[in-house]
Each structure stands twice: as C-alpha cells, then as structure tokens.
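What the coordinates show
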Amino acid sequence: DQQVKQNSPSLSVQEGRISILNCDYTNSMFDYFLWYKKYPAEGPTFLISISSIKDKNEDGRFTVFLNKSAKHLSLHIVPSQPGDSAVYFCAASRYSSASKIIFGSGTRLSIRP
Amino acid sequence: DAGVIQSPRHEVTEMGQEVTLRCKPISGHDYLFWYRQTMMRGLELLIYFNNNVPIDDSGMPEDRFSAKMPNASFSTLKIQPSEPRDSAVYFCASSPSVGGVREKLFFGSGTQLSVL
C-alpha cells in the first residue's frame, strides 16, 4: 500500500518554461511534506518542505503547493533550467521526531533546450 | 563535514552469500535511516534508529535482513543469504532533531548491490 504516490514516472519540459511535478498521499495523519532531488550516482538532496499549516512555500525558483482537502501537493519550478534535470521524490511524514518519512516512487524530469 | 558516508559504493556478489553494507552518519545526528531504491517501488524505508535504538523495522523485507547500530557513528545492514531480488541501491540517511522535532534527512551516495 503506497501512502505517497507520484503517478508520473517522467516529465519533459522546455528550458525556461514551468515544470510542475505532482504528488498524492493517502494518510490524513501526514502533516509535513518534503521534496528531494536526485542526480545519477548520488544520494537524494533536500529541496523544499511544507507543513500542513501552510498551503504554499516558496524558495527561489521552487514553490510547493499543498491542498490538504485533496491530499495533493505539487512542486513548481520556474523557470526550468538544464541543471534541474533529475529525479524528484515527494515525501511525507508527521511533524514529530519519532515518525518515519515515506517517499514516493519519483518523477524523472528532463529539461530540453 | 564529510556528510553521510556509505561503503562500499558497489557490491557484486553471488546468490547465497552474506552482504554487509556500512554507514557512518553525520556527527551529532541522532536519527539514522536505511532506504532501498528500486525501479518499481522507489525509495522504501527499511528501518530507522533513534539514538542507536531501532524504532521501526516494519519495512525490513524478511528475516534475511538485519541492521545494527552499535554506536552513534556506525551502522550496518546485513543480508544473509542474499538473493537476486535484493539487487537495488541501498541508501543510508541521517538527521538531527532540534527541540524534539526531526529535521530533514541527509543521504549518503548509496551502495549499488548486484546479486547474481
């Protein structure tokens, strides 16, 4: 039973345009959400997070939106750059120190020139 | 800080052999996680520790898998006996907690395991 789902295995976007990556979750107890970025042969690195008390968090070109009623979050990258080509993982947790972080299956983003 | 260090980077072994993966977390981090990445299931949480104590091992596939954390600077994940379906990239991650709240995870570069 996958509690965090990324239904698009891959996405291709033209350089300079907006990239939108989507994520759905099923566990209503989750209240903290994260996005990680992974390059080949490297471990995932933290990108941005959001707690359930917010519906938007922005950091430079990256914005995460949270829709609690739909149990859906999305990551927007504007403008997309070649260095953004990577696998993006969505993750969810409870905002407490003793809980596990559950990851989705990832979306491979390719930025084309 | 060198980050989370995993060894070996690559491991090729034959079915039935014992495999031991190693991890050194970032100094001062009190949480340590083992994840496995496969094409089908993405990043699966296998087990995690807090202050060297296993908190949740419900993700460990079966009794062939075991993990230990004898001290704050070292953890191992052992597979005995290994099977071809264990082939995957295994990641170790650590995180600090501040004021009782766990911060984000820092991942190692992973161990690519191939069981022939």
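Quick note: structure is the one above.
Just so it is clear, the structure is predicted and the values come from calculations on it, not from any experiment.

Section: the interface of chain A and chain B
Facing 21 residues of chain A, the contacting portion of chain B comprises 21 residues. Linking chain A to chain B there are one salt bridge. K100 of chain A is the salt-bridge partner of D56 of chain B, the closest N and O atoms lying 2.9 Å from each other. The tally of links between chain A and chain B comes to five residue pairs in polar contact (both at pLDDT 80 or more). Secondary structure elements with two or more residues in the side of chain A that touches chain B: strand 4 (32-38) and strand 9 (86-93) of chain A.

Remarks on the pairing of strand 7 (residues 65-71) of chain B
Residue and element names in this part refer to chain B. Pairing geometry for strand 7 and strand 8 (residues 74-79), over five bridges, is antiparallel. What sits directly across from N71, in strand 8, is F74. Here strand 7 hands over to strand 8 after two residues, the two strands then running antiparallel side by side.

Focus: the nonpolar core
The nonpolar side chains of a soluble globular protein tend to be buried, and buried together. Judged by nonpolar contacts, the single largest core of 24 residues is most densely connected at F33, W35, L73, L75 and Y88 of chain A. Within the residue set of this core, elements represented by two or more residues are strand 3 (19-25), strand 4, strand 5 (45-51), strand 7 (62-67), strand 8 (72-77), strand 9 and strand 11 (107-112) of chain A. Of the residues forming this core, the biggest block, four residues, is contributed by strand 9 of chain A. Those residues in contact with Y88 of chain A that lie beyond four places of it in its chain are Q6, L21, W35, Y36, K37, L47, L75, I77, G106, T107 and L109 of chain A. Ranked by size, the runner-up nonpolar core spans 21 residues in total, among them V19, C23, A67 and Y90 of chain B.

Concerning the state of the cysteines
Residue and element names in this part refer to chain B. A complete count under the given rule lists two disulfides over all chains for this structure. Across the disulfide, C23 is cross-linked to C92 (sulfur-sulfur distance 1.9 Å). With the S-S bond torsion at -65°, the cross-link from C23 to C92 turns out left-handed. Here C92 lies in strand 9 (residues 88-95) and C23 lies in strand 3 (residues 19-24), a separation of 69 residues in the sequence. Each member of the pair, C23 as well as C92, carries the same accessibility label: buried.

Some thoughts on the sheet that holds strand 1 (residues 4-5) of chain A
All names here are of chain A. Across the sheet, five strands lie side by side as 1-3-8-7-6; this open sheet has antiparallel pairing. At either margin of the open sheet sits one strand with a lone partner, and together these are strand 1 and strand 6 (56-59). The pairing of strand 7 with strand 8 spans six bridges and is classified as antiparallel. Bridge pairing in strand 8 places V64 opposite L75.

Let's talk about the environment of R22 of chain B
All names here are of chain B. Mapped onto the elements, R22 comes out in strand 3. Among the residues examined, R22 registers a relative accessible area of 37% and is labelled partly exposed. For R22 and G108, which are 86 residues apart along the polypeptide, the C-alpha to C-alpha distance reads 11 Å. Leave out the neighbours within four places in its chain, and R22 touches I5, Q6, S7, W34, F74, S75 and T76. A distance of 3.4 Å separates a polar side-chain atom of R22 from the backbone oxygen of T20.

Description of the environment of Y39 of chain A
Residue and element names in this part refer to chain A. Following the sequence through the fold, Y39 ends up in the loop between strand 4 and strand 5. On the basis of relative accessibility, which here comes to 31%, the residue Y39 falls in the partly exposed class. With near-sequence residues (within four places) excluded, Y39 lies in contact with G83, S85 and A86.

Thoughts on the sheet that holds strand 8 of chain B
Residue and element names in this part refer to chain B. With respect to topology, four strands assemble into an open sheet ordered 1-3-8-7, the strand pairing being antiparallel. Two strands bound the open sheet, and with one partner strand each, they are strand 1 (5-7) and strand 7. The mean inter-strand angle of the sheet, taken between neighbouring strand axes irrespective of direction, is 15°. Both strand 3 and strand 8 contribute to a ladder of five bridges, which runs antiparallel. Within strand 8, the residue paired with C23 across the bridge is S75.

Conventions and cut-offs
- For every chain, the first residue of the written sequence is number 1, and numbering continues from 1 onward in sequence order.
- Chain A is the first chain written and ligand 1 is the first ligand written, with later ones labelled in order.
- Given that the model is predicted, a residue must reach a pLDDT of at least 70 before its local features are reported, and side-chain atom pairs must reach 80 or more before they are shown or counted; all residues, however, enter totals for whole chains, interfaces and linings.
- In computing side-chain properties, one takes all heavy atoms of the structure into account and sets aside hydrogens as well as water.
- Between two residues, a contact is recorded if the distance between any of their heavy atoms is within 4.5 Å.
- For this document, the term salt bridge refers to a Lys or Arg side-chain nitrogen within 4 Å of an Asp or Glu carboxyl oxygen.
- By the criterion applied in these results, polar contacts are pairs of N or O atoms within 3.5 Å in which, for protein atoms, one can donate a hydrogen and the other can accept it, and in which residues neighboring in sequence qualify only through two side-chain atoms.
- Helix numbering and strand numbering both begin at the N terminus, where a helix is a DSSP run of H or I of at least 4 residues and a strand a DSSP run of E of at least 2.
- Two strands qualify as a pair provided that DSSP identifies no fewer than 2 bridges between them.
- The set of buried Ala, Val, Leu, Ile, Met, Phe, Trp, Tyr and Cys residues whose side-chain atoms join them within 4.5 Å is what this entry labels a nonpolar core.
- Accessibility here uses a 1.4 Å probe with only protein chains present; expressed as a share of the type maximum, an area under 20% marks a residue as buried, one over 50% as exposed, and anything in between as partly exposed.
- Sulfur atoms of two cysteines make up a disulfide when they are within 2.5 Å.
- Note on geometry: axes are C-alpha line fits, over the in-contact stretch for helices, and angles between N-to-C directions span 0 to 180 degrees.

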